[in-house]
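# Analysis of the macromolecular model
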Amino acid sequence: MPKITYISDAGVSRTIDVPAGDTVMEGAVQNNVDGIVAECGGNCQCATCHVYVEEKFLPLLDPIGEDQDAMLDTTASPRKSNSRLGCQIHVKAELDGLVVHTPPTQQ
Amino acid sequence: MAVVIIGGGQGGFQTAASLRAEGYEEHITLIGDEPGVPYQRPPLSKGFLLGKQEQRHAELRPAAFYETQRITLVTARATAIDREARRVKLASGEQIEYDTLVLATGARNRMLPHEDVFYLRTLGEATEIRQRLSAAQDVVVIGGGFIGLEVAAAARTLGKQVTVIEGQERLMARVVAPVVSEYFRNQHEAKGVDVLLNATLYRIGDKEVLLGERTRRPADLVIAGIGVVPNVELAREAGLPVGNGITVNEYLQTPDQRIFAIGDCAECPSIFAEACVRLESVQNAVDQAACVAKAIVGHRAPYTAVPWFWTDQYDIHLQMAGLPAGFDQVVTRGDPQTRKFSVFYFRGGRLCAVDSVNRPADHLAARKLIGARTTLSPDQAKDESFDLKSAV
């Protein structure tokens, strides 16, 4: 199973086995990872599963869709070039080892 | 000190989670009458029916969350509230004491007076419908609202022959303007769904439904989505005022200061409408829960969140912001032919609601515009060269 590492703003790191097909948001929520709120439950409606993706993994991600792009403009912590919504990153074998940083605040 | 929450849906869960996030340290008991941990309902009529999502994806948090957050989950039906003794009585006879009580009792499906009709609200019901869908050929959906149309879209995507029976003259008539209704009817028909408007179910026969004497459609699965009835009985029997929901003030408080009501079951004053409103949405449940959690820890403020909603049918993403009730003017931004457009509703010259079809940026701008009581004019709204964000 691909391993995803979540690093909090305070520097706390957790590495989780996330089944392929699940999202980075689901991997966090189902394993009690702090820093991901996921208020809307993964529907790309709330921007509370905002993560900063480590640069080297960016080329492996799908392009940012129109929904995600609009939503990322409303995040509580600043949007950066490596900002993504965790609910829009579907875990796959190539993403094994993915590292994401959760922002200081989601709301 | 203890908070007891009745209702294990989105609002009940969020109240408990927000209380802990706000630093509340005392006992929290969350009473729900469904088995398992709280889950979200929106996927049940969408990805879950299609088999794209499973139960674990719908669960809001794993069981371990409730342990670490010290939230006591009680699977039981609450049968009465004793306001004098400040106790909730359960069907088992057990009683739970509270200092503050939050009613998040939700709503239940309105039923038809016919047998052999399936309804979708709970995970259990969705699971049964999903199983029956796999064996069905001809699916009849009663009700052309959000749930009915989402179910119709899922069934059609699974290759079923689908008929939608709607009593009104257009789809989603209660919530959207005619131009949006028309767009969705066209899309469903283009996918091969048989949409019958101004139609009423007369009888369910053997593998068919009858609409009046002559019209009949084959049916081996009949699913109804014809609205909900708020669960107000506990509140009413406890002597609390009830209108089209449990009546609360702008702080979501009943006349009993120790009792709040939120979500689908509650009716409250809204700065976005001219009357009290009772809304059925995730946003409403979540934001009202957060508002009540803040009040309980001493940060009382009126509830003023902008209402928003969404529905997904096929690849069409409809997002709605604000409350269109009483609108007197509508303008369209963008061309429905392009599959991307927004409809702006005005009431007395002021923007009151926006429906966006596959235009998420418009929707997000709309949430801000409506919240800011914008003076955006109809001419500006329909002019695509006008930057909506500049009117906030």
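The written sequence of each chain sets the order in which its residues are numbered from 1. Chains and ligands are labelled sequentially in the order written, the chains with letters from A and the ligands with numbers from 1. Only residues with pLDDT of at least 70 are given local features in this predicted model, and only at 80 or more are side-chain atom pairs given and counted; all residues enter the totals for whole chains, interfaces and linings. To obtain the side-chain values, all non-hydrogen atoms of the structure were included, while hydrogens and water were left out.

### Notes on the sheet that holds strand E1 (residues 2–6) of chain B
All names here are of chain B. One open sheet accounts for 5 strands, arranged E3-E2-E1-E7-E20; its pairing is parallel. Among the strands making up the open sheet, the edge pair consists of strand E3 (71–75) and strand E20 (259–261). Neighbour-to-neighbour, the strand axes of this sheet turn through a mean angle of 20°, independent of strand direction. For two strands to be treated as a pair, DSSP must find at least two bridges joining them. Counting from the N terminus, the helices are the DSSP runs of H or I reaching at least four residues and the strands are the DSSP runs of E reaching at least two. Across 4 bridges, the pairing between E1 and strand E7 (residues 100–103) is parallel. Directly across from Ile6, in E7, lies its bridge partner Leu103. Only the stretch in contact is used when fitting a helix axis, every axis being a line fitted to C-alpha atoms; angles between N-to-C directions are given from 0 to 180 degrees.

### Re the nonpolar core
Formed by 63 residues in total, the largest nonpolar core has its most connected members in Val139, Phe344 and Leu376 of chain B. Nonpolar core, defined: a set of buried Ala, Val, Leu, Ile, Met, Phe, Trp, Tyr and Cys residues in which side-chain atoms within 4.5 Å join the residues together. Throughout, exposure labels follow a simple rule: accessible area from a 1.4 Å probe, protein chains only, divided by the maximum for the residue type, with under 20% read as buried, over 50% as exposed, and the rest as partly exposed. One finds Ala16, Leu60, Ala78 and Leu103 of chain B within the second-largest nonpolar core, a separate group that totals 50 residues.

### Brief notes about the pairing of strand E23 (residues 308–313) of chain B
All names here are of chain B. Taking burial as the measure, the 6 residues of E23 include 5 buried ones, the bulk of the element. Inspection of the sheet shows E23 paired to strand E24 (residues 316–322) by 6 bridges, in the antiparallel sense. Considered in E24, the bridge of Phe309 is made with Met320. As consecutive antiparallel partners, E23 and E24 are separated by 2 residues, and within that stretch Tyr314 has a phi angle of approximately 55°, a positive value.

### Some words on unusual backbone geometry
You will see that Ala47 of chain A, though not glycine, has its phi angle at about 60°, which is positive. Position of Ala47 of chain A among the secondary structure elements: in the loop between helix H1 (24–29) and strand E3 (50–53). Residue classification places Ala47 of chain A among the buried residues on the basis of a relative accessible area of 3%. A positive phi angle is found at Leu252 of chain B, which is not glycine, with a value near 65°. Along the chain, Leu252 of chain B falls in the loop between strand E19 (245–247) and E20.

### Details of the sheet that holds strand E14 (residues 208–211) of chain B
Residues and elements named next belong to chain B. Here we have 3 strands laid out as an open sheet, ordered E13-E14-E15, and antiparallel in their pairing. Whereas interior strands pair on both sides, the edge strands pair on one side only; in this sheet they are strand E13 (203–205) and strand E15 (215–218). On average, adjacent strands in this sheet sit at an angle of 25° to one another, irrespective of strand direction. Looking at chain direction, E14 and E15 are connected through 4 bridges and run antiparallel. Its bridge partner lying in E15, Leu210 is registered against Arg216.

### Some words on the environment of Val180 of chain B
All names here are of chain B. Within the secondary structure, Val180 is located in helix H7 (residues 178–190). We classify Val180 as buried; its relative accessible area is 0%. Taking the C-alpha atoms as reference points, Val180 and Ser356, separated by 176 residues in sequence, lie 9.2 Å from one another. Sequence-distant contacts of Val180, defined by excluding residues within four places in its chain, comprise Leu318, Val343, Tyr345 and Asp355. Two residues form a contact once any of their heavy atoms are found within 4.5 Å.

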